[in-house]
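So you can see what is in the structure, the chains are spelled out below.
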Amino acid sequence: MGNCLHCFQTSSEISAAPNIASAPTYQKPHIEDELLSPRSPLKNANNCDTNRSSFKKSLVLINGDAATMSDIITTAVKESREVSDNTLNQLFEEYKDPDEDTILTEGIERLCHDLKYQPDEFAILVLAWCLDASQMCRFTKTEFIDGLHKMCADSIETVRIRLEQTIEMLKVDTEMFKQLYRFTFRFGLEPDQRILSLDMAISLWKLVFTVHTPELLGNWVHFLEQHPSIRGIPKDTWNMFLNFSEQCDINNYDDTEAWPSLFDDFVDYERSRLTPLTGVAESESAAENSHDTTGAAIVVATENTQFEEYVAADYADDDNNNDDYSNQAHPHALHPHPSQVGKTDSTATTGIRSANDDIL
């Protein structure tokens, strides 16, 4: 988080060996996406309030004991009434810094421990989003109390339940995920900065895409890691990457579209990386075919040589007469060459006929 990057470094690494497949064909991206168009600020509690129908569905999934929608609404209202400022103030006091009226790094680590999460887990990013935290490694008193009010949570147990419900909603609600994605950029900025550092952007991309992970994420991270000279990631690049990751087709990429130049560089890098691999595969295939052809020629030549030796042996007569064929078995007849199977051996016939002439 901010001045303590280790708080938000993901514990698991993205698969190392890049192997990109052609993405499915999508409609042309509309660059004037709602991500870039002027929108009202995030809704209260970033859609964590209990008025959303998807939240009501999640209540059924998690609690499983509400018979009707009316029961769900009644339960939510009852819970919201039970959340008091006094209770939330007491909870805040448990984690706030002794010298400052704010929850700082140490308090956040204790909060994560009590919630049974690691500081670098996706759920803690979701918590920061629900609290609408303005900076990493710190929750102000207003952010903490107002955020938990909107989450209808006044204890560690209910906070964890609300986080589980919200994560389930993020898996199916793409609009909600977009709002989390946009928040993540602002959350990762250093004070008075407009651009994410490259290391921070990589860590946050890995983290926010814990759900809705795009296929090219591993290749994208690999590309960024191979180009540490990249100055940083501006807001437009961050926001447009969500569309790019869903629509990019390396083989049919149109560099005339209004994508950031960093995306053009990524596609060029992937194409140049894949081209040598294709050439090696074709060379190996050609070498294999050449080997098969040469081997077949050697076999044919060997068989022809053996056949010629058999024929030469048939005509070798020790005493220059033909009685050898009548007194001994014909070696060629016992072991015919495959090419001679089914054919009449004229030499053998001649030898037998000459022997019969001698008898007569």
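See the structure above.
Residues numbered from 1 in each chain as written. Predicted model: local features only at pLDDT ≥ 70, side-chain atom pairs only at ≥ 80, totals over all residues. Heavy atoms only, no water.

1. Quick look at the overall build of the chain
- Helix and strand counts for the chain stand at 15 helices and 2 strands.
- Buried residues in the chain amount to 40% of all 360 residues.
- The long-range fraction of contacts in the chain, counting pairs at least 24 apart against all pairs at least 6 apart in sequence, stands at 72%.
- Counting every atom, the chain has about 20600 Å² of accessible surface; 50% of that belongs to carbon and sulfur. (Helix = DSSP H or I, 4+ residues; strand = E, 2+ residues; numbered from the N terminus. Buried < 20%, exposed > 50% of the residue type's maximum accessible area, 1.4 Å probe, protein only. Contact = heavy atoms within 4.5 Å. Areas by Shrake-Rupley, 256 points an atom, 1.4 Å probe, with all protein chains shown as cover.)

2. Some points on the nonpolar core
- Residues Leu 180, Trp 205, Trp 220 and Phe 244 are the most contacted members of the largest nonpolar core, which totals 75 residues.
- For this core, the element with the most residues is helix α5 (residues 122–130), which contributes 9 residues.
- When we break this core down by domain, the ones giving at least three residues each are domain 1 (82–171) and domain 2 (173–275).
- The contacts of Trp 205, once residues within four sequence positions are left out, are Tyr 181, Leu 217, Trp 220, Leu 224, Ile 233, Trp 238 and Phe 241. (Core = buried A, V, L, I, M, F, W, Y, C linked by side-chain atoms within 4.5 Å. Domains from an automatic or database assignment.)

3. Regarding the pattern of salt bridges
- What the rule picks out here adds up to 6 salt bridges.
- Of the charged contacts, one joins Glu 270 and Arg 273 as a salt bridge, the two residues approaching to 2.8 Å between their closest N and O atoms. In this pair, Glu 270 and Arg 273 are both assigned in helix α12 (residues 261–314), 3 residues apart and thus about one turn of the helix distant. (Salt bridge = Lys/Arg side-chain N within 4 Å of Asp/Glu carboxyl O.)

4. Considerations on unusual backbone geometry
- For Cys 137, which is not a glycine, the phi torsion comes out positive at approximately 65 degrees.
- Tracing the sequence through the fold places Cys 137 in the loop between α5 and β2 (139–140).
- With a relative accessible area of 8%, Cys 137 lands in the buried category.
- You will see that His 212, though not glycine, has its phi angle at about 60 degrees, which is positive.

5. Concerning the packing of aromatic side chains
- Applying the stated rule across the entire model yields 24 aromatic pairs.
- Residues Tyr 181 and Phe 209 carry aromatic rings whose centres are separated by 5.6 Å and whose planes lie at 45 degrees to one another, so their mutual orientation is tilted. Of this pair, Tyr 181 sits in helix α8 (residues 174–188) while Phe 209 is found in the loop between α9 (198–208) and α10 (217–225), placing the two residues 28 residues apart along the sequence.
- Phe 209 sits in the buried class, given a relative accessible area of 2%.
- Their ring planes at 20 degrees and their centres at 4.7 Å tell us that Trp 205 and Trp 238 sit as a pair that is stacked. Placement of Trp 205 in helix α9 and of Trp 238 in helix α11 (residues 235–247) is noted, with a sequence separation of 33 residues between them. In terms of burial, Trp 205 and Trp 238 fall into one category: buried.
- One Lys or Arg, Arg 160, reaches over the ring of Tyr 117 and ends 4.4 Å from the middle of that ring. (Phe/Tyr/Trp six-rings, centres within 6.5 Å; stacked < 30°, edge-to-face > 60°. Lys NZ or Arg CZ within 6 Å of the ring centre and 35° of its normal.)

6. Some thoughts on the packing of helix α4 (residues 105–115) against helix α7 (residues 156–172)
- At a minimum axis separation of 9 Å, α4 and α7 run at an interaxial angle of 80 degrees. Between α4 and α7, the angle is such that the two are roughly perpendicular. Residues Leu 111, Asp 114 and Leu 115 of α4 lie in contact with α7, whose contacting residues are Ile 156, Val 159, Arg 160 and Leu 163.
- The residue inventory of the contact of α4 with α7, partitioned by class, reads 5 nonpolar, no polar and 2 charged. (Axes fitted to C-alpha atoms, helices over the stretch in contact; angles between N-to-C directions. Parallel < 35°, antiparallel > 145°, perpendicular 65-115°, else oblique. Nonpolar A, V, L, I, M, F, W, Y, C, P; charged D, E, K, R; others polar.)

7. Re the side chain of Asp 264
- As for its placement among the helices and strands, Asp 264 is situated in helix α12.
- Despite being buried, Asp 264 has no salt bridge partner; Arg 271 is the closest side chain of opposite charge, sitting 8.5 Å away.
- Not counting the four nearest positions on each side in its chain, Asp 264 is found in contact with Tyr 253 and Asp 255. (Lys, Arg positive; Asp, Glu negative; His and termini not counted.)

8. Examining the environment of Tyr 95
- Along the polypeptide, Tyr 95 turns up in helix α3 (residues 85–95).
- Sequence spacing of Tyr 95 and Leu 111 is 16 residues, and the spatial spacing of their C-alpha atoms is 6.8 Å.
- With residues near it in sequence (within four places) discarded, Tyr 95 still touches Ile 103, Gly 107, Arg 110, Leu 111, Asp 114 and Ile 156.
- Looking at Tyr 95, its side chain comes within polar contact range of the side chain of Asp 114, at 2.5 Å. (Polar contact = N/O pair within 3.5 Å; in protein donor to acceptor, adjacent residues only side chain to side chain.)

9. Points about helix α6 (residues 141–151)
- Along α6, the positions that sit buried rather than exposed are Glu 143, Phe 144, Ile 145, Gly 147, Leu 148 and Met 151.
- On its buried face, α6 is in contact with α3, β1 (102–103), α4, α5, β2 and α7.
- Cys 152 sits one or two residues past α6 and shows a positive phi near 55 degrees.

10. Description of the side chain of Thr 102
- With respect to the helices and strands, the residue Thr 102 is situated in strand β1.
- Dropping the residues within four chain positions of it, Thr 102 is found in contact with Phe 92, Lys 96, Asp 97, Arg 138, Phe 139 and Thr 140.

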